[in-house]
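Residue-level structural notes
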Amino acid sequence: MTNFKVGIIGAGPSGLAMLRAFEAELKKGNAIPEIKCYEKQDNWGGMWNYTWRTGVGKYGEPIHGSMYKYLWSNGPKECLEFADYTFMDHFKKPISSYPPREVLFDYIQGRIKKSKARDYIQFNTVARWVDYLEDKKQFRVIFDDLKKNETFEEYFDYLVVGTGHFSTPNMPYFKGIDNFPGAVMHAHDFRGADQFIDKDILIIGSSYSAEDIAVQCYKHGSNSITISYRSNPIGAKWPKGIEERPLVTHFEDSTAYFKDGSSQKFDAVVVCTGYQHKFPFLPDNLRLKTKNCLYPDNLYKGVVFQENTQLLFLGMQDQYYTFNMFDAQAWFARDYMLGRIEIPEAEERAADIAHWMKMEAETETGDDHVDFQTAYIKDLMTYTDYPPFDLDKVAEMFKLWLESKEENILNYRDKVYRSVMTDTLAEEHHTSWMEELDDSLERFLDEEEADEKELSKVNYY
Ligand code: FAD
Ligand code: NA7
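What you are looking at is a predicted structure, and each value in this text was computed from that prediction instead of being measured.

**Some words on the site of ligand 1**
Inspection of the region around ligand 1 gives 32 residues, with Gly10, Gly12, Gly46, Gly164 and Gly315 positioned closest. The leading source of residues in the shell around ligand 1 is helix α1 (residues 13–27), at 3 residues. Its residues assigned to classes, the shell around ligand 1 comprises 12 nonpolar, 18 polar and 2 charged.

What follows is the structure in structure tokens.
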């Protein structure tokens, strides 16, 4: 049955995966439902659509973007590669394993530009509120067209939420921070390390943002970087100039005091304490309530909302896998909406969710997390015709990536990996990551520089 209507909120990689899944169906000559996607920014790409802005945008909406200048992929591109549009399809030549943001944005767009996906998207449009109408068995969604400053409503049989979850800061309070004289910002508002050259920086948190922002500040010339952890240190072999300390207890003017009794003066504080899953457009009974984890509660197969199975969420997990996981979810969502996948009754769904959550609770190491997410994607892919690929090999790459960061946090991005989609070995980038201060697409693809690279330095897995 295809005479129904699907609403998609967000045109980031998850929302775009949903459009792509339906487009793939069209290409096979099959009918698809009426689909419409709404994106609050003026372009697609979600996080990858960089903005220099912080705070609110030109229409007064909270800025979605958390990415910054000089951001390079923090995992090998071979681990996120689309199975139906490879890096070779896009760039026509091998490129290195850790591209900068603009290059990955170009890759995401390459796939979607080949389709009519843009026709389905209404930009500058924010979802404000959702009601489920029991009598109609439909969602009523209220949107604001930001450009026209007009409110309107639409009705959908299925609603797909792909609004991301790395946008609304989790911002704890530390006693005395109110009087800290320098800059205090959450990672969400960090737009590049330039302003911290020669400065002493305090970073709070010990996960991906803390690690990358610390290394960015080091690379771009901060005087010193101190990372303050709550539970566990990152534990990399830090170079002189970066150190880890237990959690800040309080501040007195520009001095931070730590749990181990030490203290130091700082010029700026970057709070890297993660993000909240925030859905201001969803009422309580439709809202996904979770912390950042690999298997959020109340999502059957990580996608279908337990309390209302016409409501689907994409990309709500913590992410080792990204683009190809969103695809696996979108293909599942599509086939479910098309009636090809029958889902069990509530009790059985709850048991399935509980099973996965228990498995996640039993994970301990980074390698365990990788294995868990690999198993999750494998399970999803058994339901659909998303092109199969060797997930065990991708898991191996993730583990080598974790190991390489432990070995050398400054040069892990110089390593190259082999695509499981095309068997192509990545090219070594013409300049080592620590020396490379230009993250533009032009510079990245610069053939002359590439030809001059010293082959003897190739360092691959
Ligand atoms: P998003 O990319 O966040 O997109 C969500 C979209 O929904 C946005 O366009 C937003 O404007 C829109 N939206 C939100 N609310 C509304 C609303 N109410 N109405 C309409 N539209 C709305 N992943 C990697 O694979 N490699 C990396 O190196 C990497 N680095 C990262 C670095 C940072 C700093 C961050 C924050 C994330 C990083 N990620 C990385 C993860 C990244 O989030 C995913 O790659 C991907 O962007 C998630 O896609 P998404 O579509 O689920 O969410
Ligand atoms: P994460 O991965 O969710 O990590 C959040 C970090 O913040 C983690 O180290 C937490 O420590 C720490 N945290 C959370 N609350 C506090 C408080 N109150 N005090 C001190 N420390 C705290 O978020 P990231 O921003 O690093 O990464 C998210 C995405 O952005 C990721 O996909 C990247 O690719 C980019 P804990 O271990 O819980 O004690």
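**Regarding the pairing of strand β6 (residues 150–156)**
In this sheet, β6 lies alongside strand β5 (residues 138–145) in antiparallel orientation, the contact comprising 7 bridges. Opposite arginine 140, over in β6, you have tyrosine 155 as the bridge partner. Between the end of β5 and the start of β6, which pair antiparallel, lie 4 residues, with asparagine 149 showing a positive phi angle near 55°.

**Concerning the environment of tryptophan 129**
With respect to the helices, strands and loops of the structure, tryptophan 129 is situated in strand β4 (residues 125–133). Put simply, tryptophan 129 and arginine 140 are 11 residues apart on the chain and 8.2 Å apart in space, counted from C-alpha to C-alpha. With near-sequence residues (within four places) excluded, tryptophan 129 lies in contact with Ile142 and Phe281.

**A short note on the nonpolar core**
Met18, Val160, Leu312, Leu314 and Ala333 are the most contacted members of the largest nonpolar core, which has 88 residues in total. A total of 10 residues in this core trace back to one element, the largest contributor, which is helix α6 (residues 323–337). Other than its neighbours up to four places away in sequence, methionine 18 contacts Ile8, Val160, Gly162, Leu314, Ala330 and Ala333. Core analysis: the second largest hydrophobic core is formed by 33 residues, Ala193, Ile203, Ile242 and Phe266 among them.

**What to know about helix α9 (residues 391–407)**
In this model α9 runs 24 Å from its N-terminal to its C-terminal C-alpha over 17 residues, within 8% of the 24 Å that 1.5 Å per residue would give. Among the structural elements, α8 (366–381) are those in contact with the buried residues of α9.

**Concerning the sheet that holds strand β14 (residues 255–258)**
Within the open sheet, the 3 strands sit side by side as β13-β14-β15. Their pairing is antiparallel. Of all the strands in the sheet, the pair left with one neighbour each is β13 (248–252) and β15 (263–265). On average, each strand axis in the sheet is tilted by 20° relative to the strand beside it, whichever way the strands run. As defined by bridge partners, β14 adjoins β15 across 3 bridges and the pair is classed as antiparallel. By the bridge assignment for β15, tyrosine 257 is matched with serine 263.

**Thoughts on the site of ligand 2**
Surveying the vicinity of ligand 2 reveals 20 residues, the closest of which are Pro172, Ser207, Ser209, Ser231 and Gly274. If one sorts the elements of the shell around ligand 2 by residue count, helix α5 (residues 208–219) sits on top with 3 residues. Of the domains in this structure, domain 1 (5–167 + 275–404) and domain 2 (177–271) are the two that each give at least three residues to the shell around ligand 2.

**Notes on the sheet that holds strand β16 (residues 268–271)**
The sheet built from 5 strands is open, its strands ordered β9-β16-β10-β11-β12 with parallel pairing. Of all the strands in the sheet, just β9 (183–186) and β12 (242–246) have a single pairing partner and so form its edges. The average undirected angle you get between the axes of adjacent strands in this sheet is 20°. For β9 and β16, the ladder comprises 4 bridges, and the chain directions are parallel. Paired with methionine 185 across the bridge in β16 is valine 270.

Rules used throughout
Counting from 1, residues in each chain are numbered in the order their sequence is written. To read the labels, note that chains go from A and ligands from 1, taken in the order they are written. Thresholds applied to this predicted model are a pLDDT of at least 70 for local features of residues and 80 or more for the giving and counting of side-chain atom pairs; totals over whole chains, interfaces and linings are not thresholded and use all residues. To decide whether a residue is near a molecule or strand, its C-beta atom is placed from the backbone and checked for lying within 6 Å of it. Helix and strand assignments come from DSSP, with helices taken as H or I runs of at least 4 residues and strands as E runs of at least 2, each series counted from the N terminus. When residues are sorted by character, Ala, Val, Leu, Ile, Met, Phe, Trp, Tyr, Cys and Pro go into the nonpolar class, Asp, Glu, Lys and Arg into the charged class, and all the rest, Gly among them, into the polar class. We treat two strands as partners when DSSP finds at least two bridges between them. We call two residues in contact when the distance between their C-beta atoms, placed using the backbone, is within 7 Å. Buried Ala, Val, Leu, Ile, Met, Phe, Trp, Tyr and Cys residues form a nonpolar core when they are connected through C-beta atoms within 7 Å. The exposure scheme places C-beta atoms from the backbone and then counts, for each residue, the other C-beta atoms within 10 Å of its own, assigning buried at 20 or more, exposed at 12 or fewer, and partly exposed in between. Helices are assigned an expected span. That span is 1.5 Å times one less than the residue count. In this description, a line fitted to the C-alpha atoms serves as the axis of each element, helices being fitted only across the stretch in contact, and the angle between N-to-C directions of two axes falls anywhere from 0 to 180 degrees. These domain limits were set by an automatic method or by a database of domain assignments.

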